[in-house]
Amino acid sequence: SHDWNVLFPLTSHASSPLSIPGGTRQSPINIQWRDSVYDPFLKPLKISYDPSTCLHIWNNGYSFLVEFDDSTDKSIIMGGPLENQYRLKQFHFHWGAINEWGSEHTVDSKFYPAELHLVHWNAVVYPTFEEAVMEGNGLAVIGVFLKLGKHHEGLQTLVDALPAIKHKFDVFDPSCLIPSCPDYWTYAGSLTTPPLTESVTWIIKKKPIEVDENQVSFAFRMLLFTSDGEEEKRMVDNFRPLQPLMDRTVRSSFQ
Ligand SMILES: NS(=O)(=O)c1ccc(C(=O)NCc2cc(F)ccc2F)cc1
Ligand SMILES: [Zn+2]
């Protein structure tokens, strides 16, 4: 596993520096609902994923992620605050050791137990993901909060695959993890793990999805930061501390 704590000893949570020198658009942030500005020109987000582009699920040492075949425009998002269409590359989660915290973004300083990130890149303008990661309009990440409630069927498919972790999927449609309510906040931000590049248009859904206690606690908290043979370290609290808003406005697609 990547031991960023060696490189960034200051971090208390996910292995990434508390702040990045010269950073003006770092993520995550607290979304103060009453300070967000309704933008009537924001379009609805259009999401079209092809479940057959799903490749595999794996533990990359800071989360578990489900990767997609991003060699074509089969799974894309467009509209919303975006100028181009963006290709789905992977999704992953951030969570806490207990249900009191775990999300990266907060709403009115409230943490959710977990947060889903669906990572997309601007393949219209940039030839590779690696190049898009370095550009201000290179990435678009949809953030979805998870709150405790009823069982989530779609998530269970993932949870069932976790023990095997090096798991080949045949099909998985991640739109089942995105709430149908179209409302979202959007702001210019960054990756929340190294290299923390300021290349992300964040689209944070207003409505959380509901998952049950077991799905969050069992599933996410049985994963390990460590690899085979190393002294076990449970993979928990893999979220970065909140970053200063600085000279940014969070826009909302709803009134
Ligand atoms: N939590 S988040 O949604 O903000 C986030 C999304 C993607 C990545 C990522 O792809 N990292 C690996 C990576 C980074 C690069 F800069 C270049 C390649 C690469 F694979 C990191 C954080
Ligand atoms: Zn993330």
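In this report, we go over the structure that sits alongside the text. Every chain's residues receive numbers from 1 upward, in the order its sequence appears when written. Chain labels run from A onward and ligand labels from 1 onward, assigned in the order the entries are written. Under the rules for a predicted model, residues below a pLDDT of 70 receive no local features and side-chain atom pairs below 80 are neither given nor counted, while totals for whole chains, interfaces and linings still include all residues. For side-chain calculations, the full set of non-hydrogen atoms in the structure is used, while hydrogens and water are omitted.

A closer look at the site of ligand 1
Consideration 1: We call a residue near a given molecule or strand whenever any one of its heavy atoms falls within 4 Å of it. Surrounding ligand 1, one finds 15 residues, the nearest of these being His 92, Val 133, Thr 192, Thr 193 and Pro 195.
Consideration 2: Whenever two N or O atoms come within 3.5 Å, that pair is a polar contact, provided that in protein one can donate a hydrogen and the other can accept it, and provided that, for residues adjacent in sequence, both atoms are side-chain atoms. Within the side chain of Thr 192, an N or O atom sits 2.8 Å from a nitrogen atom of ligand 1.
Consideration 3: Per-residue and other accessible areas follow the Shrake-Rupley method at a 1.4 Å probe size, with only the shown protein chains counted as cover for residues. Relative to its free-state accessible area of 500 Å², ligand 1 is covered by the protein chains to the extent of 81%.
Consideration 4: For ligand 1, the cavity whose grid points lie within 2 Å of the majority of its atoms is the largest pocket.
Consideration 5: Secondary structure elements with two or more residues in the shell around ligand 1: strand E7 (86-95) and strand E9 (114-121).
Consideration 6: Helix and strand assignments follow DSSP, with helices taken as H or I runs no shorter than four residues and strands as E runs no shorter than two, numbered in order from the N terminus. Broken down by element, the shell around ligand 1 gets its largest block of residues, 3 residues, from E7. A cavity, in this analysis, means grid points on a 1 Å lattice covering only the protein atoms where a 1.4 Å probe fits yet has no way out; a pocket is instead an open set bounded by protein on both sides within 12 Å along at least five of seven lines, and a residue lines either one if it has an atom within 4 Å of a point. If over half the atoms of a molecule are within 2 Å of the grid points of a cavity or pocket, the molecule is regarded as sitting in it.

Details of the coordination of the zinc ion (ligand 2)
By definition of the ideal shapes, a tetrahedral metal site with four donors has angles of 109.5 degrees and an octahedral site with six donors has angles of 90 or 180 degrees.
Consideration 1: Metal coordination here is assigned from N, O and S atoms located within 2.8 Å of the ion, or within 3.2 Å for Na, K and Ca; omission of water means that sites may look incomplete. His 92 (NE2), His 94 (NE2) and His 117 (ND1) make up the full set of protein donors to the zinc ion (ligand 2), lying at 2.0 Å.
Consideration 2: Viewed at the metal, the 4 donor atoms of the zinc ion (ligand 2) are separated by angles of 99 to 117°, and the geometry they form is tetrahedral.
Consideration 3: Mapped onto the sequence, the donors of the zinc ion (ligand 2) take the spacing H-x1-H-x22-H. Placement of the pair is His 94 in strand E7 and His 117 in strand E9, with a sequence separation of 23 residues. Square planar and octahedral assignments, for four and six donors respectively, both demand that opposite donors be over 155 degrees apart and that all other angles lie between 65 and 115; tetrahedral needs four donors with all angles between 85 and 135 degrees, and anything else is irregular.

Some words on a nonpolar patch on the surface
Consideration 1: Together, Ile 98, Trp 101, Phe 111 and Leu 242 line one region of the surface with nonpolar side chains, adding up to about 310 Å² of accessible area.
Consideration 2: Along the chain, Phe 111 falls in the loop between strand E8 (106-107) and E9. Within this analysis, patches are made of residues with over 30% relative accessible area and no salt bridge. Like charges are joined at 9 Å or less; nonpolar side chains (Val, Leu, Ile, Met, Phe, Trp, Tyr) at 5 Å or less. We define a salt bridge as a side-chain nitrogen of Lys or Arg found within 4 Å of a carboxyl oxygen belonging to Asp or Glu.

Some remarks on the pattern of salt bridges
Consideration 1: A full pass over the atoms with the stated rule returns 4 salt bridges.
Consideration 2: For Lys 89, the salt bridge goes to Asp 70, with nearest N and O atoms at 3.7 Å. Of the two residues, Lys 89 is situated in strand E7 and Asp 70 in the loop between strand E5 (64-68) and strand E6 (76-79); the sequence distance between them amounts to 19 residues.
Consideration 3: Relative accessibility decides the category of a residue: with a 1.4 Å probe and only protein chains considered, values under 20% of the type maximum give buried, values over 50% give exposed, and everything between is partly exposed. Residue class for Asp 70 comes out buried when judged on its relative accessible area of 17%.
Consideration 4: The partner of Lys 206 in a salt bridge is Asp 183, and the shortest N-O contact between them spans 2.9 Å. With a gap of 23 residues between them, Lys 206 in the loop between strand E13 (200-205) and strand E14 (209-211) and Asp 183 in the loop between strand E11 (167-168) and strand E12 (184-189) connect regions that are remote in the sequence.
Consideration 5: Given a relative accessible area of 16%, Asp 183 falls into the buried group.

Let's talk about the state of the cysteines
Formally, a disulfide is one covalent bond, and it connects the sulfur atom of one cysteine to the sulfur atom of another.
Consideration 1: By definition, disulfides here are pairs of cysteine sulfur atoms that lie within 2.5 Å. Overall, the coordinates contain 0 disulfides when judged by the stated rule.
Consideration 2: Unpaired in terms of disulfides, Cys 54 finds its nearest cysteine sulfur in Cys 176, a separation of 11 Å.
Consideration 3: On the basis of relative accessibility, which here comes to 2%, the residue Cys 54 falls in the buried class.

Remarks on the side chain of Ser 190
Consideration 1: Structurally, the position occupied by Ser 190 is in the loop between E12 and E13.
Consideration 2: Two residues form a contact once any of their heavy atoms are found within 4.5 Å. Residue contacts for Ser 190: discarding those within four places in its chain leaves Arg 25, Gln 26, Ser 27, Leu 196, Thr 197, Glu 198, Ser 199, Val 200, Trp 202 and Arg 240.

Some details on unusual backbone geometry
Consideration 1: In the segment running from Ser 27 into Pro 28, the intervening peptide bond is cis, with an omega of 0°.
Consideration 2: Mapped onto the elements of the fold, Pro 28 is located in the loop between helix H1 (4-7) and strand E1 (30-31).
Consideration 3: In the segment running from Pro 194 into Pro 195, the intervening peptide bond is cis, with an omega of 10°.
Consideration 4: For Pro 195, the position within the fold is in the loop between E12 and E13.
Consideration 5: Unlike most non-glycine residues, Leu 196 shows phi in positive territory, near 60°.
Consideration 6: Mapping Leu 196 onto the fold places it in the loop between E12 and E13.
Consideration 7: Positive phi, normally seen in glycine, also occurs at Met 246, with a value near 50°.
Consideration 8: Mapped onto the secondary structure, Met 246 falls in the loop between helix H4 (213-221) and strand E15 (251-252).
Consideration 9: By relative accessible area, which is 48% here, Met 246 ends up partly exposed.

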